[in-house]
Structures are given as C-alpha cells and as structure tokens.
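Examination of the molecular architecture
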Amino acid sequence: MSFCKHCIQGVRHEGEPLGKLETIGGVACYVSTPTVDYPKDKVVLFLPDVFGIELINNKLLADDFAKNGFKVVAMDYLNSDALAADAMNSPSFDFMGWLSQHGADKTRPPLDKVIAALKAEGVTKFGATGYCFGGRYAFDLAFDNVIQCTVVSHPSLLKVPADLETYFAKSQAPLLINSCEVDQMFPAEAQAKADEIFGDGKFAPGYKREYFPGCTHGFTVRGDMSNPLVKAGKEGAFKAAVEFFIAHL
C-alpha cells in the first residue's frame, strides 16, 4: 500500500521532554510516568509514527498522557531505524524503500517483548494509542486481544473493509478513531465504512469516531500549531483519547 505525502510532512514542536529512556525487554523505550499516584497495573502503549520515539513531538505527546494520570511506554519498534527529523518535507527521501525494510516480521517482535516484560512487572491492562504507521500495530494488538482499549489517529496501512471487519469479529477492545478531512490513508470512504461496521451500538465493547475538519493526515503529532483548525484538531483528538482511556481502561 502506498503512503500519502502527509506521512512525512510536519512541523517540529518545541518543549522539554519529561520522560526518560529505558530498556524494557531488551527494547529501547521512552517512558513517561505521572507525578501523582496512578494505577500500577495499567500502561498506555504509545505506538509512534515513522519518526519513532526520537521525534520530540512524540515524546511531548507521551508526556501529555502521563500528565493525565497514565504511565506511558513508547517503544522503539522500528529497531533504531526511525526516520530522521530532517526527512520531513524531503521530496528526495525514498520512503517506500524504507517501508519495505520495516514489515511486521521486524517490527512486531519488539512490541511483544516489551509487553511480556511489562506483564512480568505486574501490568495487567494495556491501552494503545497508535499514530499513522502505529495505527496498524494498534489494530494488530487488538486482533490478538493483547490490549484492552484502542485509540488510533489517522491510521495507515489498514485494509478497508477487511481489517475493520476483523476487528469487529475478533477484538474485545473499545475503539476510538481520530479522523480528519484530508487523509489518503483513511479517507472519507473508510471513515464511513468504520461507522457502518461499528456504529449505532453494533460493537458491544464500545466505538467512537471523532472528525476534525481542516486537518490532514498526521495532524495529531506533526500538525502546524499556527493553523487554528489544526491546533483545535490536535487538542481535540488528544482530549478525546484521554477521555476514552479514562472511560474504558
């Protein structure tokens, strides 16, 4: 499946990350922990886009979830080969070549290692928030009922309707989809199909889809905060995700 141009475009965000790098199950992770008491048996798995845990936008977003009471583990499931920040907006970068080297055979095992290690530490409930490339893996974890709550924002690499139907048939994890106006990877037709399959109470665990006009694929992580609609979309999607985890995790 091809990717859209918005998958490698964006505006870097500024700020000082508050989490720390840890090795969990032999995998590099960025871990952000609440400063207040929080349930030690719950973790939100942060599945980043192709820029991985190194991108400051992803670190800051993980920190924002921690500020809302969730321990967050962002995993380097790209095996130290995430895109460099300077690949943003680069017309010469061979994105499809990079993608061919990051299939599920290489990227799923690190997720399983981290999850196994966290279970050994006493974690029993997992939420996942997946962005772009990470949305694919949030779905895969939900298929296997490894996670108990799923949030995806402008997901990529999903086969529609097949993956939506598989999720409906196999997963017990409530699902939130943060969608937007311009998204080649999850366009209006896919959004409507998701509503058709999950909506109107048909998916018993729970389903919600948010829609943000004036936003393009990647807006929740790499959106231009000088654009009022994009800023509102990023903030709205984050608020929806936090509320969904509070309600279902």
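Think of each chain on its own: its residues are numbered from 1, step by step along the sequence as written. Note on the predicted model: pLDDT of at least 70 is required for a residue's local features to be given, and 80 or more for side-chain atom pairs to be given and counted; whole-chain, interface and lining totals, by contrast, use all residues. Hydrogens and waters are ignored; side-chain quantities use all the structure's heavy atoms.

**Observations concerning helix 4 (residues 133-143)**
Side chains three or four residues apart in an α-helix point the same way, a direct result of the helix having 3.6 residues per turn. Burial classification: accessible surface area is computed with a 1.4 Å probe over protein chains only, and a residue below 20% of its type maximum counts as buried, one above 50% as exposed, and the rest as partly exposed. By the criteria applied, helices consist of DSSP H or I runs no shorter than four residues and strands consist of E runs no shorter than two, each listed in order from the N terminus. Most of helix 4 sits inside the fold, with eleven of its eleven residues counted as buried. After helix 4 finishes, the residue Asn-145 shows a positive phi value of roughly 55°.

**Here we look at the sheet that holds strand 8 (residues 207-216)**
Sheet strands pair via backbone hydrogen bonds, and the direction of the pair is either parallel or antiparallel. Ordered in space as 1-2-4-3-5-6-7-8, the eight strands form an open sheet in which the pairing is mixed. In this open sheet, the two strands that pair with only one neighbour each are strand 1 (20-24) and strand 8. The average undirected angle you get between the axes of adjacent strands in this sheet is 25°. Should DSSP find at least two bridges between two strands, the strands are taken to pair. Inspection of the sheet shows strand 3 (residues 42-47) paired to strand 4 (residues 72-75) by three bridges, in the parallel sense. To obtain an axis, a line is fitted to C-alpha atoms, over the contacting stretch when the element is a helix, and the angle between two such axes runs from 0 to 180 degrees between their N-to-C directions.

**Observations regarding the side chain of Arg-108**
For Arg-108, the position within the fold is in helix 3 (residues 104-120). Side chain to side chain, Arg-108 and Asp-144 meet in a polar contact 3.0 Å long. Contact partners of Arg-108, with chain neighbours within four places excluded, come to Tyr-137, Asp-140, Leu-141, Asp-144 and Val-146. The definition of a polar contact used here is a pair of N or O atoms within 3.5 Å, where within protein one atom must be able to donate a hydrogen and the other to accept one, and adjacent residues in sequence count solely through side-chain atom pairs. It only takes one pair of heavy atoms within 4.5 Å for two residues to be counted as in contact.

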